[in-house]
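# Descriptive analysis of the structure
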Amino acid sequence: MHEMGITQGILAAAFDAAEEAGATRISEIRITVGELTEIQTFALDFAFESLTPGTMAEGAKLVVTELSPRSHCRDCGLTYDHDRFEMICPDCQSFNVELLQGRELRIDSIETDDAPSGDATPEASASDAPAEE
Ligand SMILES: [Zn+2]
């Protein structure tokens, strides 16, 4: 599964960033994924859930922002959102268009929790966290 490798890459980058910041725990990772990457959000969630136990990101939340494709028409100057299959300009039907967004795959932010050591912090249950949106 494609998403497994992507999630491993995201986690590796997050671990590096957290270690550099001197953090011991990651509480949230926010990423942006363009629809044209064809990455499935549910598969990312699945990979995240299976890769994080036993790491500093155990119990962390993965927040994915999906970006729909957007293009700019070089002929009439229109900027428009479209789906994965229909790139042509809706105004003048031109194929002379430039993709502006939709292929992103980036980490927006990594939130770390620095629990004071020696103090047993009870684990909050994250199993019934409300879904966003
Ligand atoms: Zn056009």
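Residues numbered from 1 in each chain as written. Predicted model: local features only at pLDDT ≥ 70, side-chain atom pairs only at ≥ 80, totals over all residues.

## With respect to the pairing of strand E3 (residues 70-73)
Of the two faces of E3, the one lined by Ser71 and Cys73 is fully buried and the one lined by Arg70 and His72 carries no buried residue. Here E3 runs beside strand E4 (residues 79-81); their pairing, made up of three bridges, is antiparallel. Following the sheet pairing, Ser71 is matched in E4 by Tyr80. (Buried ≥ 20, exposed ≤ 12 C-beta atoms within 10 Å, placed from the backbone. Helix = DSSP H or I, 4+ residues; strand = E, 2+ residues; numbered from the N terminus. Pairing = 2+ DSSP bridges.)

## Structural notes on the sheet that holds E4
With antiparallel pairing, the three strands of this open sheet are ordered in space as E4-E3-E5. Unpaired on one side and paired on the other, E4 and strand E5 (97-101) mark the two borders of the sheet. Neighbour-to-neighbour, the strand axes of the sheet open up by a mean angle of 30°, direction not taken into account. (Axes fitted to C-alpha atoms, helices over the stretch in contact; angles between N-to-C directions.)

## Let's talk about the environment of Ala21
Tracing the chain through its elements places Ala21 in the loop between helix H1 (2-20) and strand E1 (25-34). Linking Ala21 and Thr112, residues 91 residues apart in sequence, is a C-alpha distance of 8.7 Å.

## Examining helix H2 (residues 41-51)
When we look at burial in H2, the residues that qualify are Leu44, Ala47 and Phe48. Here the buried residues of H2 occupy an arc of 100° about the axis, which is enough to place them on one side. Across H2 from its buried face, at more than 90 degrees, point the exposed residues Phe42, Glu49 and Ser50. (Arc of directions from axis to C-beta.)

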